[in-house]
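# An overview of the molecular structure
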Amino acid sequence: MASRGIRDRVAIVGMGCTKFAEHWDRSGDDLMIEAAGEAMTSAGVTRDDIDAYWLGTMKSGISGMTLSKVLRIEGKPVTRVENMCATGSEALRNACYAVASGAVDTAMAIGVEKLKDSGFSGLIPATMPHDGTMPETTAPAVFSLLAPAYCKRYGVDEAELKQVLTRIAWKNHYNGARNSRAQFTREVPKETIAKAAPIAGMLGIFDCSGVSDGSAAAIVVRAEDAYRYTDQPIFVKGLAFVAGSARGTIDPDYDFTTFPEVAASAREAYAQAGVQDPRAEIAMAEVHDCFTPTELVLMEDLGFAERGFGWKEVLAGTFDLGGELPVNPDGGLKAFGHPIGASGLRMMYECWLQLRGEAPEQRRIASIDKGRKLALTHNLGGQPGECVSFVSVVGSEPTA
């Protein structure tokens, strides 16, 4: 796979993000108004200055009118997109490509989801036609297969891997406790995590991401115009999106220790961005930690750890807030929450704060202060063996 990419042709000049929570007293409209308003204020624009809008939502609205009626948008294109849990990233990707192509000068990408109003505890079920090979299992059950598979392939004792998964959850709750916009804002002791009620396989309740409501938005412009809006734009270096062939669940060679789509999208994003050594060049990463073993496997698929050694890096604290390469410094899906349409843009919001030096002092990334200028987001949709994957690389400066 190869694409020319849009390196340094597009910049993010404004962002907004609501608190992710069980917003029983707020509608999806309320959340979109807040996120869009904050993004427009930070960029110094109004709705009339924006040429086109992309709305990402899985089940909280149909058509672009879900957004246009809320913001009272007149005579502008508003497109609703959906790509499972990567929906927010899909909205951003489309907005960036539209600006890079010259079709529009200014675009908004916004994502929203109201999961708590559905009465369904978890992702809103999609009724997709299939050929009968799709497993009739819950998301925790399917993702739990990653853990024993990893143990088998790399010779890791299950008790030791349980400590690894516990540490991932502990890390993300530690980070979320330093983020007022996160759904869960308390640290959770490792002992509590390890002894939590079982959900599926080796996974307990603290190994699963939060079910929440929320919205996030970004304003995108041409890179040459960026400094008209802010003195600290974020430049898009690479955007890669890969859809798999969905063969994993019926392929006897698939062993549940990797997401091939993630590895492919990472390679493409790095090629577009000119990243040679992600472990050394990336300052921080926001990844799709829907379940703790997912984050473990992602560390290897994204090139942050060698195959079979990611678990050791977790135990060594490599991906902690004060580690060599902080992962999910805002708490991730685990602590920040996962309103489907908003998650991809929420990830970018943390990159926006960190690269601009605006993150609260208690979760500031030291590697940025030491000179690293790139951040990564990863967002996937689907399940092991059949998923879509998005990887972005953004930076605080244009390439010299």
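Residues numbered from 1 in each chain as written. Predicted model: local features only at pLDDT ≥ 70, side-chain atom pairs only at ≥ 80, totals over all residues. Heavy atoms only, no water.

The next thing to look at is the overall build of the chain. When helices and strands are tallied, the chain shows 14 helices and 11 strands. Its C-alpha atoms give the chain a radius of gyration of 20 Å, within 12% of the compact-globule value 21 Å for 400 residues. Structurally, the chain occupies a C-alpha span of about 60 × 45 × 40 Å along its principal axes. Within the chain, contacts between residues at least 6 apart in sequence are counted, and of these 79% link residues at least 24 apart. Of the roughly 15,500 Å² of accessible surface on the chain, 51% is carried by carbon and sulfur atoms. The centroid of the 40 positive side-chain charges in the chain is displaced by 2 Å from the centroid of its 51 negative side-chain charges. (Helix = DSSP H or I, 4+ residues; strand = E, 2+ residues; numbered from the N terminus. Rg over C-alpha atoms; globule rule 2.2 N^0.38 Å. Contact = heavy atoms within 4.5 Å. Areas by Shrake-Rupley, 256 points an atom, 1.4 Å probe, with all protein chains shown as cover. Lys, Arg positive; Asp, Glu negative; His and termini not counted. Charge placed at Lys NZ, Arg CZ, Asp CG, Glu CD.)

We now examine the packing of helix α5 (residues 146-154) against helix α6 (residues 158-176). Closest axis-to-axis distance for the α5/α6 pair is 10 Å, and the angle between their directions is 125°. Between α5 and α6, the angle falls in the class oblique. Handedness of the crossing formed by α5 with α6: right-handed. Note on element contacts: α6 touches α5 through E158, L161 and L165, opposite A147, P148, Y150 and C151. Here the residues of the contact of α5 with α6 are counted per class, giving six nonpolar, no polar and one charged. (Axes fitted to C-alpha atoms, helices over the stretch in contact; angles between N-to-C directions. Parallel < 35°, antiparallel > 145°, perpendicular 65-115°, else oblique. Left-handed = near helix turned anticlockwise from the far one by under 90°. Nonpolar A, V, L, I, M, F, W, Y, C, P; charged D, E, K, R; others polar.)

Over its 16 residues, helix α1 (residues 28-43) runs 23 Å from end to end, which matches the ideal 22 Å to within 8%, given 1.5 Å per residue. Along α1, the residues that are buried comprise G28, L31, M32, A35, A36, A39, M40 and A43. Here the buried residues of α1 occupy an arc of 150° about the axis, which is enough to place them on one side. Contacts from the buried residues of α1 go to β1 (10-17), β2 (52-56), α2 (65-71), β4 (106-114) and β7 (213-222). (Expected span 1.5 Å × (residues − 1). Buried < 20%, exposed > 50% of the residue type's maximum accessible area, 1.4 Å probe, protein only. Arc of directions from axis to C-beta.)

When we look at a pair of aromatic rings, we describe it by the centre distance and by the angle of the planes. The final tally for this structure, using the stated rule, is eight aromatic pairs. Judged by centre distance (5.7 Å) and plane angle (35°), the ring pair of W170 and Y174 falls under tilted. Here W170 and its partner Y174 are both found in helix α6, four residues apart, which amounts to about one turn of the helix. When its relative accessible area of 26% is taken as the criterion, Y174 is described as partly exposed. Ring plane angle 55° and centroid distance 4.8 Å describe the contact between Y254 and F256, whose orientation is recorded as tilted. (Phe/Tyr/Trp six-rings, centres within 6.5 Å; stacked < 30°, edge-to-face > 60°.)

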